[in-house]
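# Structural characterization, general
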Amino acid sequence: MILPTGSELRRWDLEHLWHPFTQMTEYAASDPLMVVAGEGNELIDDRGQRYLDATSALWCNLLGHRVSEIDEAVRAQLDRIAHSTLLGATHSSAAELARRLAEIAPAGLTHVFFSDDGATAIEAALKIAFQYRLLTKGAAAAEKAVYLSLENGYHGDTLGAAAVGGVALFHETFRPILLPTLKAASPYCYRCPLGLERPSCALACAGTVEEILEREDGRVCAVLVEPGVQAAAGMLVLPEGFLPRVAAACRRHGALLVADEVATGFGRTGSLFACTAEGVVPDLMCVAKGLTGGYLPIAATLATDEIYRTFLGRYDEYRHFFHGHTYTGNPLGCAAALATLRLLADGRLIADVPRKAALLADALLPLAIHRNVGEIRQAGLMCGIELVKDRVTKTGFAPAERVGHRVCLEMRRQRVYIRPLGDVIVIVLPLTVRDDEIQRVADALSAALSEVFGG
Ligand SMILES: *Cc1c(COP(=O)(O)O)cnc(C)c1O
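Residues numbered from 1 in each chain as written. Predicted model: local features only at pLDDT ≥ 70, side-chain atom pairs only at ≥ 80, totals over all residues. Heavy atoms only, no water.

Taken together, Trp59, Asp117, Gly118, Ala119, Tyr154, His155, Gly156, Glu226, Asp260, Val262, Ala263 and Lys289 make up the full set of residues adjacent to the ligand. In this structure, Ala119 approaches the ligand through a main-chain N or O atom, which is 2.8 Å from an oxygen atom. Side-chain polar atom of Lys289 to an oxygen atom of the ligand: 2.6 Å apart, as the coordinates give it. (Near = heavy atom within 4 Å. Polar contact = N/O pair within 3.5 Å; in protein donor to acceptor, adjacent residues only side chain to side chain.)

Right, let's talk about the sheet that holds strand β11 (residues 284–287) for a bit. Taken together, seven strands build an open sheet; the order of strands is β4-β12-β11-β10-β7-β5-β6 and the sheet is mixed. The open sheet has two edge strands, β4 (109–115) and β6 (182–184), and neither has a second partner. On average, each strand axis in the sheet is tilted by 20° relative to the strand beside it, whichever way the strands run. In this sheet, strand β12 (residues 299–304) lies alongside β4 in antiparallel orientation, the contact comprising six bridges. What sits directly across from His111, in β12, is Ala303. (Pairing = 2+ DSSP bridges. Helix = DSSP H or I, 4+ residues; strand = E, 2+ residues; numbered from the N terminus. Axes fitted to C-alpha atoms, helices over the stretch in contact; angles between N-to-C directions.)

Turning to the sheet that holds strand β3 (residues 50–53), a few remarks are in order. Taken together, the four strands give an open sheet; going across it, the order is β1-β2-β3-β15, and neighbouring strands pair in mixed fashion. Taken across any chain shown, the strands that pair with only one partner, and hence form the sheet edges, are β1 (35–39) and β15 (416–417). Pairing of β1 with strand β2 (residues 42–45) involves four bridges; the strand directions are antiparallel. Bridge pairing links Ala37 to Ile44 in β2. Across the face of the sheet, helix α18 (residues 435–453) comes into contact with β2, β3 and β15 while running at roughly 100° to β3. (Contact = heavy atoms within 4.5 Å.)

This next bit is on the packing of helix α16 (residues 353–364) against α18. Two quantities define a packed helix pair, namely the angle between the helix axes and the distance between the axes. Running from amino to carboxyl end, α16 crosses α18 at an angle of 25°, the nearest separation of the two axes being 9 Å. With respect to α18, the axis of α16 lies roughly parallel. Note that α16 runs across α18; the crossing there is right-handed. On the side of α16, the interface is formed by Arg355, Lys356, Leu359, Leu360, Ala363 and Leu364, while α18 contributes Asp435, Ile438, Gln439, Ala442 and Leu445. (Parallel < 35°, antiparallel > 145°, perpendicular 65-115°, else oblique. Left-handed = near helix turned anticlockwise from the far one by under 90°.)

Next up on the list: the pattern of salt bridges. Between side chains of opposite charge, a pair can form as their charged atoms come close. Within the structure shown, the criterion is met by 27 salt bridges. Between Arg11 and Glu15 there is a salt bridge, with the nearest N and O atoms lying 3.7 Å from each other. In this pair, Arg11 and Glu15 both sit in helix α1 (residues 6–16), four residues apart, roughly one turn of the helix. Between Arg50 and Glu42 there is a salt bridge; the shortest N-O distance is 3.0 Å. Judged by its relative accessible area of 33%, Arg50 falls in the partly exposed class. Salt bridges linked by common partners bring Arg10, Asp31, Asp46 and Arg47 together as one network. (Salt bridge = Lys/Arg side-chain N within 4 Å of Asp/Glu carboxyl O. Buried < 20%, exposed > 50% of the residue type's maximum accessible area, 1.4 Å probe, protein only.)

The next point concerns the domain arrangement of the chain. What the domain assignment lists for the chain is domain 1 (72–344) and domain 2 (352–453). Relative to domain 2, the C-alpha centre of domain 1 lies at a distance of 28 Å. The interface of domain 1 with domain 2 comprises 19 residues on the first partner and 21 residues on the second. One can count eight residue pairs in polar contact (both at pLDDT 80 or more) joining domain 1 with domain 2. (Domains from an automatic or database assignment.)

Here you go:
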């Protein structure tokens with residue numbers, strides 16, 4: 001077999017590969033990173049350069065690359081079977097993973113519906129919530145059912161998930177073809193949509209959730225929230241007390257609470273799930289990104305026993321959940337997930353997250369006074385640095401200036417790989433990040449800011 005050369009591969013990439021969320025005109029001109037390998041927390045490109053992966057492969061890698069325990073688990077599964085269906089049949093790795101997830105999930109979430117990505121886990125949750133409403137309240141009530149979610153929320157890109165999303169940049173283009181949904185205020189304290197300040201605001205944003213539930217008088221079948229942090233909107237850290245208030249309002253008004261733990265699940269913010277840190281147990285919980293350590297696309301929607309039982313009955317009552325994908329619960333992914341959960345099981349890696357998070361906060365502290373740094377937000381190993389043109393007025397840069405993009409390109413020259421969200425520099429570190437690597441990220445960002453904005 002003759003292997004293609006690096007320059008051939010780069011040409012083929014530009015000629016044939018259409019990249020997600022990427023302006024291909026800009027991409028073609030940008031000398032894109034071509035990864036050929038990974039080791040530890042680093043990516044290795046086709047020229048042999050190493051980059052610290054400070055995006056964690058877009059927030060899914062949890063324990064670094066080529067983790068021997070996960071590699072071996074996938075290989076062992078490959079020696080048994082690569083894929084087998086869950087439609088009316090099962091396989092050993094899915095059964096074991098379902099039990100394991102039920103064991104570690106917030107109490108009461110005892111049933112696991114597998115899918116493939118964050119968006120598909122959300123689609124399953126949306127349809128479960130709707131069919132649950134239909135089964136418990138009847139067709140007339142179900143016809144009026146509506147979803148409530150937050151401005152600045154992000155739940156994936158399929159049409160259902162986008163309909164409950166609230167990031168204008170991602171979703172506005174498709175608004176005409178999205179299901180109408182209700183939106184409550186985003187807990188974006190740096191730019192409070194209600195023009196208030198903490199703590200005198202008394203969490204008026206949570207109040208908007210309560211008001212809508214009150215006003216809709218039982219029509220809302222599910223409320224979707226990202227616990228801990230609205231990640232894709234630029235790492236907007238939820239104020240303490242927000243989630244418990246939303247959860248209580250859901251209970252009062254008979255709406256299911258869907259916790260989207262796709263980005264936060266499995267320790268990134270310092271607890272296994274962000275919702276448990278605030279003592280909240282949702283009715284449905286979606287997990288994906290970190291579940292397989294970032295190895296393979298497996299996602300899960302966890303449900304309470306009460307919801308699960310509602311779908312039971314004789315075949316010809318047609319109460320079963322009419323939903324599923326071909327590769328759902330793929331065995332290789334399940335094996336990777338089981339190995340990942342074994343590595344997390346003693347709790348040591350997650351217990352060390354607060355210490356590492358404090359190191360990151362300390363390392364970034366000198367940047368907090370930079371004239372173009374508006375705010376540094378952090379939840380554990382997830383961090384967003386919002387760049388602004390003017391700190392006093394919080395005025396942002398024109399999108400055409402590509403400030404976030406330029407800072408990230410400069411960081412890449414410093415051998416730290418990162419991808420911004422607009423002008424928010426996003427750092428998502430693996431749980432295995434070393435102390436010196438944390439400093440390396442901060443040093444690279446500091447150098448990049450000097451390069452882009454001048455000393
Ligand atoms: C990434 C993300 C999703 C979508 O996950 P995909 O695997 O990209 O479909 C959903 N919710 C949250 C909170 C996310 O961060």
